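So you can see what is in the structure, the chains are spelled out below.
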Amino acid sequence: MGDFTGKHGLIVGVANKRSISWAIAQAVARRGARLALTYQGRFEEHVNDLSQGLEQPPLVLPCDVSSDAEIASVFEKVDQEFGGLDFVVHGAAFAPREELEAPFVNTTRDGFRIAMDISAYSLIALTRAAMPLFEKRGGGSVVTLSYLGSQRVFPNYNVMGVAKAALEAAVRYLAADVGPKGVRVNAVSAGPIKTLAAAGIKGFSNILHVYSDRAPLRRNVETGEVAEACAFLLSDAGRAVTGEVLLVDAGYHVTGM
Ligand code: NAD
Ligand code: 0WE
């Protein structure tokens, strides 16, 4: 989907080879993109190892998205190396584990703040920091990853559902704000996939079964399929699409009972 020859992108949220962000990195690198990959502290080795497998060696940088200083430093280095940027992928999400286990009504002030900061505010911070680099290229494209728990109640998704609702609203407000500068902002809302972020979520296998039983396509989705949808939105093929939340869930979201 699309040609990324000569394009430069920043991808945030690779933890390991199962990460949706890693599938996106591969999908756009295969089509010619030169990438910067960022990792959260503990994943440095994993990401360095993975980066060997890309056709063009990526810039690999640390970035905790809750730190304004680390975000600034990433864009400084990306600007030095690439002299601008064409796209950003935001694939970071986190809520304290307790918040995904306790009843939603017990959501703590701190758990709420952390989930919102890392999973929603960070999209605004990254988009703002990318603007000067996008402007050097006459525009840009931002894609984030969401989940249907933003609109519907899934047991235990809890404060992450509220954070994803905020994230999807931020996509629309950002799209309206930066659209006049030729920058597009979209989300891909993926069906459940057994990644690190899903590991240890109580009842996750059950969620996978509910989806594959009820989804119109009667199956689950793979990271590569989510990545291709992201590549579409990041590429020139998606040039008239902004402020959109594209569901890539084998159709699960249309079902009633
Ligand atoms: P993953 O665990 O591979 O990726 C989550 C990433 O968030 C990790 O790389 C982690 O390092 C990063 N992260 C967490 N806190 C961070 C911080 N403070 N600073 C920087 N990075 C931080 O899992 P994934 O499933 O690939 O998740 C990627 C995105 O896809 C998330 O936004 C998730 O909500 C979304 N998503 C996942 C599924 C699913 O079922 N796996 C479904 C729909 C949407
Ligand atoms: O967004 C997510 C999960 C993100 C996530 C995962 C964790 C696990 C480890 C955020 N914070 C944490 N904190 C941790 O300590 N998904 C879309 C995957 C997911 O999680 C669910 C789901 C689905 C789907 C939780 C309950 C129900 C469905």
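Preceding this section is the structure that the text describes.
So, how was this worked out
- Residues numbered from 1 in each chain as written.
- Chains lettered and ligands numbered in written order.
- Predicted model: local features only at pLDDT ≥ 70, side-chain atom pairs only at ≥ 80, totals over all residues.
- Heavy atoms only, no water.
- Phe/Tyr/Trp six-rings, centres within 6.5 Å; stacked < 30°, edge-to-face > 60°.
- Buried < 20%, exposed > 50% of the residue type's maximum accessible area, 1.4 Å probe, protein only.
- Helix = DSSP H or I, 4+ residues; strand = E, 2+ residues; numbered from the N terminus.
- Pairing = 2+ DSSP bridges.
- Right-handed = clockwise from strand over helix to strand, strands pointing away.
- Core = buried A, V, L, I, M, F, W, Y, C linked by side-chain atoms within 4.5 Å.
- Contact = heavy atoms within 4.5 Å.
- Near = heavy atom within 4 Å.
- Polar contact = N/O pair within 3.5 Å; in protein donor to acceptor, adjacent residues only side chain to side chain.
- Areas by Shrake-Rupley, 256 points an atom, 1.4 Å probe, with all protein chains shown as cover.
- Nonpolar A, V, L, I, M, F, W, Y, C, P; charged D, E, K, R; others polar.
- Expected span 1.5 Å × (residues − 1).
- Axes fitted to C-alpha atoms, helices over the stretch in contact; angles between N-to-C directions.
- Parallel < 35°, antiparallel > 145°, perpendicular 65-115°, else oblique.
- Left-handed = near helix turned anticlockwise from the far one by under 90°.

Caption draft 1: Seen up close, the packing of aromatic side chains. Following the criterion strictly, the structure yields 5 aromatic pairs and no others. Taken together, a centroid distance of 5.1 Å and an interplanar angle of 45° make the contact between Tyr 147 and Phe 154 tilted. We classify Tyr 147 as buried; its relative accessible area is 12%. Look at Phe 154 and you get buried, because its relative accessible area is 13%.

Caption draft 2: Here's a closer look at the pairing of strand β1 (residues 8-12). With respect to burial, β1 is a largely interior element, 5 of its 5 residues being buried. As defined by bridge partners, β1 adjoins strand β2 (residues 34-39) across 5 bridges and the pair is classed as parallel. Bridge pairing links Val 12 to Thr 38 in β2. Where the polypeptide runs from β1 across helix α1 (residues 20-30) and back to β2, its parallel neighbour, the crossover connection is right-handed. As paired elements, β1 and strand β4 (residues 87-90) share 4 bridges and run parallel to each other. Across the sheet, the residue bridging to Leu 10 is Val 88, located in β4.

Caption draft 3: Inspection of the nonpolar core at higher detail. Ile 11, Ile 24, Val 28, Leu 35, Leu 37, Val 188 and Val 226 are the most contacted members of the largest nonpolar core, which totals 54 residues. Sort the elements by how many residues they give to this core and α1 lands first, with 8 residues. Not counting the four nearest positions on each side in its chain, Val 28 is found in contact with Phe 4, Ile 11, Ala 33, Leu 35, Phe 87, Ala 231 and Leu 234.

Caption draft 4: The site of ligand 1, seen in detail. Residues in close proximity to ligand 1 total 27 residues, the closest being Ser 19, Ile 20, Gln 40, Ile 193 and Thr 195. Here Asp 64 contributes a side-chain N or O atom positioned 3.0 Å from a nitrogen atom of ligand 1. Against a free-state accessible area of 810 Å², the protein chains account for coverage of 94% of ligand 1. Considered class by class, the residues forming the shell around ligand 1 number 18 nonpolar, 7 polar and 2 charged.

Caption draft 5: How the structure looks around helix α5 (residues 159-178). The first and last C-alpha atoms of α5 sit 28 Å apart over 20 residues, in line with the 28 Å expected at 1.5 Å per residue. Along α5, the positions that sit buried rather than exposed are Val 159, Met 160, Gly 161, Ala 163, Lys 164, Leu 167, Glu 168, Ala 170, Val 171, Leu 174, Ala 175 and Val 178. Where α5 is buried, its residues meet β4, α4 (109-136), β5 (140-146), β6 (183-190) and β7 (245-248).

Caption draft 6: Just the packing of α1 against helix α7 (residues 223-234), in detail. Running from amino to carboxyl end, α1 crosses α7 at an angle of 55°, the nearest separation of the two axes being 8 Å. By the angle between their axes, α1 is oblique relative to α7. Classified by chirality, the crossing of α7 by α1 is right-handed. Residues Ile 20, Ala 23, Ile 24, Ala 27, Val 28 and Arg 30 of α1 pack against Thr 223, Gly 224, Val 226, Ala 227, Glu 228, Cys 230, Ala 231 and Leu 234 of α7. In terms of residue class, the contact of α1 with α7 is built from 10 nonpolar, 2 polar and 2 charged.

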